Amino acid sequence: QVQLVESGGGLVQAGGSLTLSCAASGRTFSNYDMGWFRQAPGKEREFVSAINWSGGRTYYLDSVKGRFTISRDNAKNTVYLQMNSLKPEDTAVYYCAADNRGYLVRGWKDYAYWGQGTQVTVSS
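How each quantity is defined
- Residues numbered from 1 in each chain as written.
- Predicted model: local features only at pLDDT ≥ 70, side-chain atom pairs only at ≥ 80, totals over all residues.
- Heavy atoms only, no water.
- Helix = DSSP H or I, 4+ residues; strand = E, 2+ residues; numbered from the N terminus.
- Polar contact = N/O pair within 3.5 Å; in protein donor to acceptor, adjacent residues only side chain to side chain.
- Contact = heavy atoms within 4.5 Å.
- Disulfide = S-S within 2.5 Å.
- Buried < 20%, exposed > 50% of the residue type's maximum accessible area, 1.4 Å probe, protein only.
- Pairing = 2+ DSSP bridges.
- Axes fitted to C-alpha atoms, helices over the stretch in contact; angles between N-to-C directions.
- Salt bridge = Lys/Arg side-chain N within 4 Å of Asp/Glu carboxyl O.

### A look at the side chain of Asp-99
Looking at the secondary structure, you find Asp-99 in strand 9 (residues 92–99). At a separation of 3.0 Å, a polar atom in the side chain of Asp-99 contacts the side chain of Arg-101. The contact partners of Asp-99, leaving out residues within four places of it in the chain, are Asn-31, Tyr-32, Asp-33, Val-105, Asp-110 and Tyr-111.

### Side note on the environment of Met-34
Assignment of secondary structure puts Met-34 in strand 4 (residues 33–39). As for Met-34 and Asn-74, which are separated by 40 residues in sequence, their C-alpha atoms are 11 Å apart.

### Considerations on the state of the cysteines
For the coordinates displayed, the defined rule picks out one disulfide. One disulfide in the model links Cys-22 with Cys-96; its S-S distance is 1.9 Å. Between Cys-22 and Cys-96, the S-S dihedral sits near 45°, and the bridge is therefore right-handed. Placement of Cys-22 in strand 3 (residues 18–25) and of Cys-96 in strand 9 is noted, with a sequence separation of 74 residues between them. As far as the burial class goes, Cys-22 and Cys-96 line up, both buried.

### A closer look at the sheet that holds strand 1 (residues 3–7)
The four strands lie next to each other as 1-3-8-7, forming an open sheet whose pairing is antiparallel. Each edge of the open sheet is held by one strand with a lone partner, namely strand 1 and strand 7 (68–73). Looking at each pair of strands side by side, their axes are set apart by 15° on average, direction ignored. Pairing of strand 3 with strand 8 (residues 78–83) involves six bridges; the strand directions are antiparallel. If you follow Cys-22 over to strand 8, its bridge partner there is Val-79.

### Observations concerning the pattern of salt bridges
Scanning the model with the defined rule gives six salt bridges in all. Here Arg-38 makes a salt bridge to Glu-46, at a shortest N to O gap of 2.7 Å. A relative accessible area of 6% means that Arg-38 is categorised as buried. Taking relative accessible area as the criterion, Glu-46 reaches 32% and is therefore assigned partly exposed. Of the charged contacts, one joins Lys-65 and Asp-62 as a salt bridge, the two residues approaching to 3.1 Å between their closest N and O atoms. On the basis of relative accessibility, which here comes to 49%, the residue Lys-65 falls in the partly exposed class. We classify Asp-62 as exposed; its relative accessible area is 60%. Salt bridges sharing partners connect three or more residues here, namely Arg-38, Glu-46, Arg-67 and Asp-90.

Here it is, written out as structure tokens:
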């Protein structure tokens, strides 16, 4: 079992920045690829970004490329999502997730472990 706890969400004006953190515990963090997803009210859960176990490979949703940066610190068992130039359409609950199949995936159903989510609200 892997336990995940997100933090760092909040209310920010359009154009602002937030950094989300996801702290992991329970198993060897570096064995897991990590993903960030988001879900807005009335919408399906959406892939945002993923990073492999070493941090050497990353994926992004097209609409966040150039604005969001995923990173990880295996010594701290933490994955981050730096979000810049935020837009109202980025408003959602953001979730981190963990998977250990050995290759990066984007489907939310492919991830075995999930955090409880953190709310990000971007005002216009």
